[in-house]
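# Notes for the structure review
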Amino acid sequence: MPKIYFIDVTNRDTVQASRISLAKIQKTMVNIYLGEMGVHQSEFAFPRTKHEENYIKANLELQELGAMGNLVLEGWCRAITPDVDASLATGVRDFNLSISTSDQMIQHKFRGKLDRSKIIEEMVEAVSFARNGGARTIGVNAEDASRSDLNFLIEFAGAAKEAGADRVRYCDTLGYETPDSIYQRIRTLAEKVKLPVEQHCHNDLGMAVANSIAGARGAVDGGVDAYINTSVNGLGERAGQADLLSCVLAIKFARDMENVEIGDAINLKVAGRLAKYASYAFGVPIPINQPGVGANAFAHEAGIHADGALKDRRNYELYDYELLGLEEVAQQPNGRIITTGEYGGLAGFKYVYSKLGIEFPDDETAANILDLVRYANAHTQQPLTDGELRLIFKYPEQVRKLLTMTP
Ligand SMILES: [Zn+2]
């Protein structure tokens, strides 16, 4: 029975969105939490972009050192050989290679430079180049797949498979699909090509999660594995994309999902921490009505509701809040607050670390870590979290690397 996996694209799609950004250490923390949560893959970087270079190297090292569980770190670039070439040079070995497949984009973006057959040619060349260059896994992105001619898409995916691609990404780039339409189209694609299909759904019409789940079912019913693309808290281009936690919850708790199997061992306990961390790092509050982690997700006041919830939680709660590890992130410090950061000194720094149960063997070690803490805070420009401080203490060499940027 085919399974459903998750590829989180927060560190690529979300950070490329207007007015949403993360410092490199924050991107690293997102990878660490995704790994802890048991997500299959993080689309973690733009390997073609120069300022990502040290972040990429440091994260690949952290992955080797076991800081991210079994998380696959995959880089995204255009499906053209110069991009793949430059990406391979960074050490990235897992790829998503992107090219547009709709006539809208072929005609109005490429403007005569490429036609349908040239699109396939470029993609095949890029896939072969990546394969020969030592790529481990290759996904091929059909940008604007939802507005592409289905027969062309089948031809495109078939050529990708023949060239050695492991998956095809069905991009609902503009959030155009409905659950019915995406189910049918992905099922047909899966049956015809027999290549695992990724669902990449945007939320312009508010259907990203529903479309992702329906599309994944289409792939599974068509006989191939499904890979749902998600982001933390659903942030992404424009109205965002499929929220990671909502997708997991839907597969676990929605009607008729008993036979749908998630391939990853997802630890939902990390979900609360990851959602709150991303919200903090992005500086974007979690909506009060966000599934699972919104402030009202388990709140009851109306007479009938409060009474019912108190009598039996299943009257008004579909799943338990304890599942999401929410209690861990609920504590607020009160009274005096000592932080450490960009202009901090040794005493405050040692005090903050002692609260995390970390003592330093000597002042030299402490001074070295303090130095990194200062740099990290110079990047993030907001108080460092316990997770960030632990990362700096545990992996100073990799943190030094990812904080280093030379234009
Ligand atoms: Zn996208």
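Structural data are supplied above this passage.
## Focus on the environment of F156
Along the chain, F156 turns up in helix 7 (residues 150–163). A C-alpha to C-alpha distance of 36 Å links F156 and F282, two positions 126 residues apart in sequence. In this structure, F156 is in contact with I99, T101, I119, I120, M123, V140, N141, A142 and V168, ignoring residues within four places of it in sequence.

## Digging into a nonpolar patch on the surface
On the surface, a nonpolar cluster with roughly 270 Å² of combined accessible area is contributed by F253, L318 and L323. Within the secondary structure, L318 sits in the loop between helix 12 (303–311) and helix 13 (346–355).

## Focus on the pattern of salt bridges
Summed over all chains, the structure comprises 28 salt bridges. In this structure, R116 and D149 form a salt bridge, with 3.4 Å as the shortest nitrogen-oxygen distance. Linking R116 in helix 6 (residues 116–132) with D149 in the loop between strand 5 (137–143) and helix 7, this pair joins segments that are 33 residues apart in sequence. Residue classification places D149 among the partly exposed residues on the basis of a relative accessible area of 33%. One salt bridge in this structure joins D320 and R314, with 3.0 Å as the shortest N-O distance.

## A closer look at helix 9 (residues 208–221)
Its 14 residues give helix 9 an end-to-end C-alpha distance of 20 Å, which sits within 8% of 20 Å, the value for a rise of 1.5 Å per residue. When you tally the buried positions in helix 9, you get 10 out of 14 residues, the bulk of the element. Three or more residues of helix 9 are buried, namely A208, N211, S212, I213, A214, G215, A216, G218, A219 and V220. Check the buried side of helix 9 and you find it contacts strand 1 (4–8), strand 6 (167–172), helix 8 (179–193), strand 7 (197–201), strand 8 (226–230) and helix 10 (244–253). The positive-phi residue at the C-terminal boundary of helix 9 is G223, with phi of around 95°.

## As for the pairing of strand 8
Counting buried residues along strand 8, five of its five residues qualify, which places the element largely inside the surrounding structure. Because side chains alternate across strand 8, one face comprises the buried residues A226, I228 and T230, and the other comprises Y227 and N229, equally buried. Summarising the sheet, strand 1 and strand 8 pair through five bridges and their orientation is parallel. In the sheet register, I4 faces strand 8, and the bridge partner there is A226. Note that the unit made of strand 7, helix 9 and strand 8 has a crossover that is right-handed.

## Regarding the nonpolar core
By size, the foremost hydrophobic cluster in this structure holds 128 residues, and its most contacted members are F6, L97, Y353 and I392. With nine residues, helix 7 is the largest single contributor of residues to this core. Each residue touching I392, except ones within four places of it in the same chain, is listed here: I25, Y353, I369, L372, V373, A376, L384 and V399.

## Topic: empty space enclosed by the protein
Within this structure, the stated rule accounts for one cavity of 30 Å³ or more. Empty space within the largest cavity amounts to approximately 50 Å³. Taken together, V232, N233, D243, L244, L245, A271, L274 and A275 form the lining of the largest cavity. Of all the secondary structure elements, the ones that give two or more residues to the lining of the largest cavity are helix 10 and helix 11 (271–282). Among the elements that line the lining of the largest cavity, the one with the most residues is helix 11, at three residues.

## Some words on the environment of E61
The topology assignment puts E61 in helix 3 (residues 53–64). Taking the relative accessible area as the measure of exposure, E61 reaches 23% and is therefore partly exposed. Considering only alpha carbons, one finds E61 and Q398, 337 residues apart in sequence, at a separation of 7.1 Å. Setting aside its immediate chain neighbours within four residues, E61 contacts Q398 and K401.

## A short note on the coordination of the zinc ion
Tetrahedral coordination by four donors sets the ideal angle at the metal to 109.5 degrees; octahedral coordination by six donors sets it to 90 or 180 degrees. Around the zinc ion, the protein contributes the donor atoms D13 (OD), H200 (NE2) and H202 (NE2), at 1.9 to 2.1 Å from the metal centre. Positions of the donor residues of the zinc ion along the chain correspond to the pattern D-x186-H-x1-H. Note that D13 is positioned in helix 1 (residues 10–16) and H200 in strand 7, a separation of 187 residues in sequence. Each member of the pair D13 and H200 is classed as buried.

Conventions we followed
Residues numbered from 1 in each chain as written. Predicted model: local features only at pLDDT ≥ 70, side-chain atom pairs only at ≥ 80, totals over all residues. Heavy atoms only, no water. Helix = DSSP H or I, 4+ residues; strand = E, 2+ residues; numbered from the N terminus. Contact = heavy atoms within 4.5 Å. Patch = residues over 30% accessible without salt bridge, like charges linked within 9 Å, V, L, I, M, F, W, Y side chains within 5 Å. Areas by Shrake-Rupley, 256 points an atom, 1.4 Å probe, with all protein chains shown as cover. Salt bridge = Lys/Arg side-chain N within 4 Å of Asp/Glu carboxyl O. Buried < 20%, exposed > 50% of the residue type's maximum accessible area, 1.4 Å probe, protein only. Expected span 1.5 Å × (residues − 1). Pairing = 2+ DSSP bridges. Right-handed = clockwise from strand over helix to strand, strands pointing away. Core = buried A, V, L, I, M, F, W, Y, C linked by side-chain atoms within 4.5 Å. 1 Å grid on protein atoms, 1.4 Å probe; cavity = no way out; pocket = protein on both sides within 12 Å on 5 of 7 lines; lining within 4 Å. Points joined across faces, edges and corners; volume = space filled by probe spheres on them. Donors = N, O, S within 2.8 Å, 3.2 Å for Na, K, Ca; no water.

Purely geometric stuff here, so don't read any function into it on its own.
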